[in-house]
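Here's the letter readout for the chains.
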Amino acid sequence: MNTRINTIILNCALVLGLASAAAQADTLLIKGGKVYTLANAGTLKSADVLVRDGHVEAVGAGLDAQADKVIDASGKIVTPGVIAADTLLGLTEIGAAMSTNDDAAVEGDNTKNVQIGTSYDPLPAYNPHSTLIPFNRAGGVTRAMVIPDSQQKIFAGRGFAIELNGDFDSVVGKNLVQRIYLGESGAQLAGGSRAVAYAQLRQALNEAREYAANRDAIRRGDWRDLQLPLSDLEALQPLVNGREVMLVKANRASDILQTIKLAQEFKLRLVIDGAAEGWMVAKQLAAAKVPVVIDAMDNLPIAFESLGARLDNAALLNRAGVQVLISGPPGSLATYNAYLARQGAGNAVANGMPYEAALKAISRNVAQVFGIDGGTIEPGAVADIVVWSGDPLEVTSYAEQVLIDGVPQSLVSRSTRLRDRYLTPQPGHEAAYKF
Amino acid sequence: MFLHARCFAAALCTAVLLAGCGGDERGDKGKALDFADQDAFPSTYTIPESKPVLIRGATLLTGTDEQLDNTDLLLADGKIARIGKGLKAPKDALVIDGHDKWVTPGIIDVHSHLGDYPAPAIESSQDGNEMTSPNTAEVWAEHSVWTQDPQFALALAGGVTTLQILPGSANLFGGRSVTLKNVPGRSVQDMKFPGAPYGLKMACGENPKRVYGSKGMAPSTRMGNVAGYRKAWIAAAAYKKKWEDYAKNGGEKPERDLQLETLAGVLDGLILVHNHCYRGEEMAVMMDIANEFGFHIAAFHHAVEAYKVADLLAKNHVCAAMWADWWGFKHEAFDMTPANIAIVDHAKACAMIHSDDAVGIQHLNQETAKAMTAGQRAGFDIQPKDAVKWMTLNPAKALGIDDQTGSLEKGKMADVVLWSGNPFSVYSKAEKVYIDGELMYDRDNKKRQPHSDFDLGILDAKGERP
């Protein structure tokens, strides 16, 4: 009914020539849902959320507010949008089709001596029109970290953050993180040993410091030869200054401890990625205030570095006071199906993680750790909000409304269009004319 | 599909019986041919005697489109003995309170590589893909199975009671599959599902043409793939005829050929074709090839585009094994809709979930739940009672064992999972898993949770892997 009244108001506005102001729907009211604010207000059994100009203005029961658009959320769950912790969104289209991938700098027959390491910045390759973006948006993902892979060096390069509205200006943070591989993958990239990978990292950090202290002399060429190119040394400055996150791939408990020591020595903002055996060193992670990005469904002893993988890893880490971020499924599916971070969080709850902690692990914690907006519903917060059909951590629930910056998003994707075209497949050529 | 599967099972039993009579030293004249070579590595799986089990007052999803609330289930002598209300417990029965709990048939994964791609996945353990020739129909997946793969026990804790181990998909003909009961065993024969038909793994599309094309040999295109299949079936038909002539007329005994034995076994209806195939039009081509050479495709696997040809699948009685939502990793997996399974089911084709994955196999209930929800959102009336067969009875059909397992029906194997709640909730867990009536996994009793040799002393000399 509210919608209808608003439509009438909108029509009047059109007549009065106020179309542009009204059509923007600068105020929007989400009424009567169970609201997980993931902020100080906690969980509100039945509350309204007032959104103005892309931000949350007020949250509370029975808000007495006029709004240009009203969303009835009674009987529904309202949460901040999911924020994917580790994806290649906008950098990949089809995993096995080389021409559609921009996730890593690759040295090959045609690209001898590609020297890009820490300075690899995939931002110019970012495509906000990727088909992966509407699909994940419809799954409730509103923001995502985009962090390159590496195929040749322990340094993958620098990551950025996007919002999933598909706009050309949808990058919401640049140079937020440097990905580094230690552990087994690091050993492979570095030349066969974990210790070599570790030494390469240490050397790079030392050179980055040396560069910071002697920048002019080094740029003049009036200095000893350094291993890293200037571009890489420059790219490492935000990392050694503590402005950028150092995301280090490590699964084995001993690798994690070694990495914590290094991060403390160089005063870096370390985040451990993987952490299959994180539970074994949860106390040390908590004491060093090092967050972890984990796949909460990883319980396979798939490598000797993750023999201790277990389903209650998230619960044990959280209990010890570690800030936990839950990513999507492993491998490339973390990008294609970034929205499945919800299923991971649900499994974390099934294995002992408190419910709200799991919600934060796919939303607020990601925003906090990488320093971007989103992840809470509180006055002043960016209005990335999802209205769910039911418990968002249940695999049988789905996003009914997705707001990014307060703007309701389309939930149509290639996937829904293919479904609708072939709902009752039959012979003949008519399907091709169905849109 | 029902009919087909039963025919195969019947043919198979005959073959086993004849082989059992054995000892025919006078030559093969007049003897039924066993191209599938059923008795070379026979199942040594045995069903131990176990006490009857009565589960009282649970919600039963039977796998035959029924949900029975507050109903009792009696397991006795390894079989499902009775289903009903207020059943009396036999004297020595273990009685389990099933109130607030749910029961389903044991989950069956029609597509697994456990044992062939075990954990840990180190170089020396990659035994699932004989990538040395486009046709390796002579290899048998069971001969790669590492029975101590710790992933079997994890799948069991997820309610999986039966699984098909397939060789990998690099080849047009990858080799034979084997169907296993998910029980610990020292030899793979200790795990073999007694009498289950063998499968032949075939692969369409990108994998074979990429693997061999990159070596500068055939196939390097999809048309090269098809030429390779047809060439092989021609050879198989000739081989089959040679042996049939020999059986009928005697004469010089033909030489055995392991590769052609497997293919002839397919033409004879003894071995079921499991065809890795993503795209709709390729599935149509494969069904034409099957018609050309007179065999039947039991199931397409990874059938991401099955929804586009669901009516053709129904018409040809071909099952489709699908993921709930995997996509994008290659071009032939680009056209994904999570409603895939529901659309195939709605078209009255045999639709099922599958994992191809050691994590996915542990959560096939959740995968099925996602597919069910996608079907509901597409507008189909699909409830848990309907969706459960996507992970139980339909995979049993594809494996040719649906007359023995896959549903809660009197006389079937007591392969049963007791769930802590609705199995389609992310929070529910398999509490007890029975295989042939024996309690193989008990979440509440650490002593009834199997650990492989690999798990022992691996983190702590005195302990098991958690």
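What counts as what
Residues numbered from 1 in each chain as written. Chains lettered and ligands numbered in written order. Predicted model: local features only at pLDDT ≥ 70, side-chain atom pairs only at ≥ 80, totals over all residues. Heavy atoms only, no water. Helix = DSSP H or I, 4+ residues; strand = E, 2+ residues; numbered from the N terminus. Rg over C-alpha atoms; globule rule 2.2 N^0.38 Å. Buried < 20%, exposed > 50% of the residue type's maximum accessible area, 1.4 Å probe, protein only. Contact = heavy atoms within 4.5 Å. Lys, Arg positive; Asp, Glu negative; His and termini not counted. Charge placed at Lys NZ, Arg CZ, Asp CG, Glu CD. Areas by Shrake-Rupley, 256 points an atom, 1.4 Å probe, with all protein chains shown as cover. Expected span 1.5 Å × (residues − 1). Axes fitted to C-alpha atoms, helices over the stretch in contact; angles between N-to-C directions. Parallel < 35°, antiparallel > 145°, perpendicular 65-115°, else oblique. Nonpolar A, V, L, I, M, F, W, Y, C, P; charged D, E, K, R; others polar. Disulfide = S-S within 2.5 Å. Polar contact = N/O pair within 3.5 Å; in protein donor to acceptor, adjacent residues only side chain to side chain. 1 Å grid on protein atoms, 1.4 Å probe; cavity = no way out; pocket = protein on both sides within 12 Å on 5 of 7 lines; lining within 4 Å. Points joined across faces, edges and corners; volume = space filled by probe spheres on them. pLDDT = per-residue confidence, 0-100. Salt bridge = Lys/Arg side-chain N within 4 Å of Asp/Glu carboxyl O. Buried area = accessible area lost by both parts, 1.4 Å probe. Core = buried A, V, L, I, M, F, W, Y, C linked by side-chain atoms within 4.5 Å. Pairing = 2+ DSSP bridges.

This part covers the overall build of chain B. For chain B, the helix and strand inventory stands at 11 helices and 16 strands. Over its C-alpha trace chain B gives a radius of gyration of 22 Å, about what one expects of a compact globule, namely 23 Å for 466 residues. The C-alpha extent of chain B, read off along each of the three principal axes, is 65 × 55 × 50 Å. Counting only residues that meet the buried cut, chain B has 62% of its 466 residues in that class. In chain B, of all internal contacts separated by at least 6 residues, the share reaching a separation of at least 24 is 69%. The positive charge centre, built from 49 side chains, and the negative charge centre, built from 60, are 3 Å apart in chain B.

Another aspect to go through is the overall build of chain A. What chain A contains, in helices and strands, is 16 helices and 16 strands. Relative to its length of 435 residues, chain A is compact, with a C-alpha radius of gyration of 23 Å against a globular reference of 22 Å. Referenced to the eigenvectors of the C-alpha coordinate spread, the extents of chain A come out at roughly 75 × 55 × 45 Å. Per-residue burial over chain A gives 55% buried out of 435 residues. For chain A, the accessible surface area stands at approximately 18000 Å², while carbon and sulfur atoms represent 51% of it.

Looking at the element boundaries, alanine 350 of chain A is found in helix H13 (residues 341-350). Of the residues examined, alanine 350 of chain A reaches a relative accessible area of 16% and is grouped as buried. Other than its neighbours up to four places away in sequence, alanine 350 of chain A contacts Val426, Tyr427 and Lys429 of chain B.

This brings us to helix H6 (residues 280-293) of chain B. Residues spaced three or four apart along an α-helix point in a common direction, a consequence of the helix completing one turn every 3.6 residues. Residues and elements named next belong to chain B. Look at H6: 20 Å from first C-alpha to last across 14 residues, which is about the 20 Å you get at 1.5 Å a residue. For H6, the full list of buried residues reads Gly280, Glu282, Met283, Met286, Met287, Ile289, Ala290 and Phe293. Those residues of H6 that are buried lie in contact with strand S9 (198-203), helix H4 (222-249), helix H5 (258-267), strand S10 (271-276), strand S11 (297-301) and helix H7 (310-316). Where H6 ends, the next residue or the one after it, glycine 294, has phi of about 75°, a positive value.

Moving on, we get to the packing of helix H5 (residues 194-213) of chain A against helix H9 (residues 253-266) of chain A. The description of two packed helices rests on the angle between their axes and on the distance between the axes. All names here are of chain A. Running from N to C, H5 and H9 point in directions that differ by 10°, and their axes come no closer than 12 Å. The pairing of H5 with H9 is recorded here as roughly parallel in orientation. Facing Arg194, Tyr198, Leu201, Arg202, Leu205, Asn206 and Arg209 of H5, the residues of H9 in contact are Asp255, Gln258, Leu262, Glu265 and Phe266. Residues belonging to the contact of H5 with H9 are distributed by class as follows: 5 nonpolar, 2 polar and 5 charged.

Take the state of the cysteines next. All names here are of chain B. In total, this model carries 2 disulfides over all chains according to the counting rule given. One disulfide in the model links cysteine 204 with cysteine 277; its S-S distance is 2.2 Å. A torsion of -90° about the S-S bond marks the disulfide between cysteine 204 and cysteine 277 as left-handed. Taken together, the residues span a long stretch of sequence, with cysteine 204 in the loop between S9 and helix H3 (206-213) and cysteine 277 in the loop between S10 and H6 at a distance of 73 residues.

All names here are of chain B. In this chain, alanine 119 is followed by proline 120 through a cis amide linkage whose omega measures -5°. Position of proline 120 among the secondary structure elements: in the loop between strand S6 (107-112) and helix H2 (151-157). Even without a glycine there, the phi angle at aspartate 37 is positive, about 55°. With respect to the element layout, aspartate 37 can be found in the loop between helix H1 (2-21) and strand S1 (53-61). The backbone of aspartate 356 sits at a positive phi, close to 55°, despite the residue not being glycine. In this structure, aspartate 356 sits in the loop between strand S13 (351-353) and helix H9 (364-377). The class of aspartate 356 is partly exposed, set by a relative accessible area of 22%.

Glancing now at the environment of aspartate 356 of chain B. Residue and element names in this part refer to chain B. Separated by 190 residues in sequence, aspartate 356 and leucine 166 place their C-alpha atoms 9.2 Å apart. Residues in contact with aspartate 356, not counting those within four places in the same chain, are Asp109, His111, His113, His302, Trp323 and Trp326. Within the structure, the side chain of aspartate 356 is placed 2.9 Å from the side chain of histidine 113, a separation counted as a polar contact.

Moving on, we get to the layout of surface pockets. Each pocket or cavity is described by its volume, and for the second largest pocket that value is around 850 Å³. Elements that contribute at least two residues to the lining of the second largest pocket include exactly H13 of chain A together with H2 and H9 of chain B. In terms of residue count, the dominant contributor to the lining of the second largest pocket is H2 of chain B (3 residues). Partitioned by chemical class, the residues of the lining of the second largest pocket number 13 nonpolar, 11 polar and 8 charged.

Okay, the confidence of the model for chain A next. Detailed reading of the predicted model is not advised wherever pLDDT is low. With 92% of its residues at a pLDDT of at least 70, chain A reaches an overall mean of 92. Below a pLDDT of 50 lies the segment residues 1-23 of chain A, which in the model reaches 14 contacts outside its immediate sequence neighbourhood of four places, other chains included.

Now for the packing of H4 of chain B against H5 of chain B. All names here are of chain B. Put simply, H4 and H5 touch, their axes get as near as 8 Å, and they point 85° apart. Between H4 and H5, the crossing angle belongs to the class labelled roughly perpendicular. Across the interface between the two elements, Ala232, Trp233, Ala235, Ala236, Ala237, Tyr239 and Lys240 from H4 touch Leu260, Glu261, Leu263, Ala264, Val266 and Leu267 from H5.

It is worth spelling out the side chain of aspartate 116 of chain B at this point. Residues and elements named next belong to chain B. Looking at where aspartate 116 falls in the secondary structure, it is placed in the loop between S6 and H2. The buried charged residue aspartate 116 lacks any salt bridge partner; its closest oppositely charged side chain belongs to lysine 201, at an N-O distance of 9.3 Å. A polar side-chain atom of aspartate 116 sits 3.1 Å from the main-chain amide nitrogen of valine 145. When neighbours within four sequence positions are excluded, aspartate 116 is seen to be in contact with Ser125, Gln126, Asp127, Gly128, Ala141, Ser144, Val145, Ile165 and Leu166.

Moving on, we come to the interface of chain A and chain B. Taken together, the 51 residues of chain A in the interface contact 50 residues of chain B. Buried surface at the junction of chain A and chain B, both sides included, amounts to about 4200 Å², of which 64% is carbon and sulfur. Counting across the interface, chain A meets chain B through 1 salt bridge. In this structure, aspartate 335 of chain B and arginine 414 of chain A form a salt bridge, with 2.9 Å as the shortest nitrogen-oxygen distance. In this structure, the connection of chain A to chain B is made through 22 residue pairs in polar contact (both at pLDDT 80 or more). Examining the composition of the side of chain A that touches chain B, we find that 5 residues originate from one element, H13 of chain A, more than from any other. Here the residues of the side of chain A that touches chain B sort into 30 nonpolar, 14 polar and 7 charged.

It is worth spelling out the nonpolar core at this point. One finds Phe173, Trp233, Phe295, Phe300 and Leu313 of chain B to be the most contacted residues of the largest nonpolar core, which totals 103 residues. It is H4 of chain B that contributes the most residues to this core, 7 residues altogether. Here leucine 313 of chain B is in contact with Met283, Met287, Phe300, Ala306, Val318, Ala320, Val344 and Ala349 of chain B, once residues within four sequence places are set aside. Counting residues in hydrophobic clusters, the runner-up holds 96 residues, among them Ala250, Ala315, Leu333 and Ala361 of chain A.

Here we take up the side chain of serine 413 of chain A. Residue and element names in this part refer to chain A. Assignment of secondary structure puts serine 413 in the loop between strand S16 (407-408) and helix H16 (414-421). With relative accessibility at 5%, the residue serine 413 sits in the buried group. Apart from the residues lying within four places of it in its own chain, the contact partners of serine 413 are Pro134 and Phe135.

Residues and elements named next belong to chain A. Across the sheet, 8 strands lie side by side as S6-S7-S8-S9-S10-S11-S12-S13; this open sheet has mixed pairing. Since the sheet does not close on itself, it has two edges, and those belong to strand S6 (82-87) and strand S13 (324-326), each with one partner. Direction aside, the axes of adjacent strands within the sheet are offset by 25° on average. Of the pairings in the sheet, the one linking strand S10 (residues 245-250) to strand S11 (residues 269-274) comprises 6 bridges and is parallel in character.

A full pass over the atoms with the stated rule returns 46 salt bridges over all chains. Lysine 385 of chain B is paired through a salt bridge with aspartate 386 of chain B; the nearest N and O atoms lie 3.3 Å apart. What makes aspartate 386 of chain B buried here is its relative accessible area of 12%. In the salt-bridge network here, residues are joined through shared partners; they are Asp86, Asp149, Arg179 and Asp273 of chain A.

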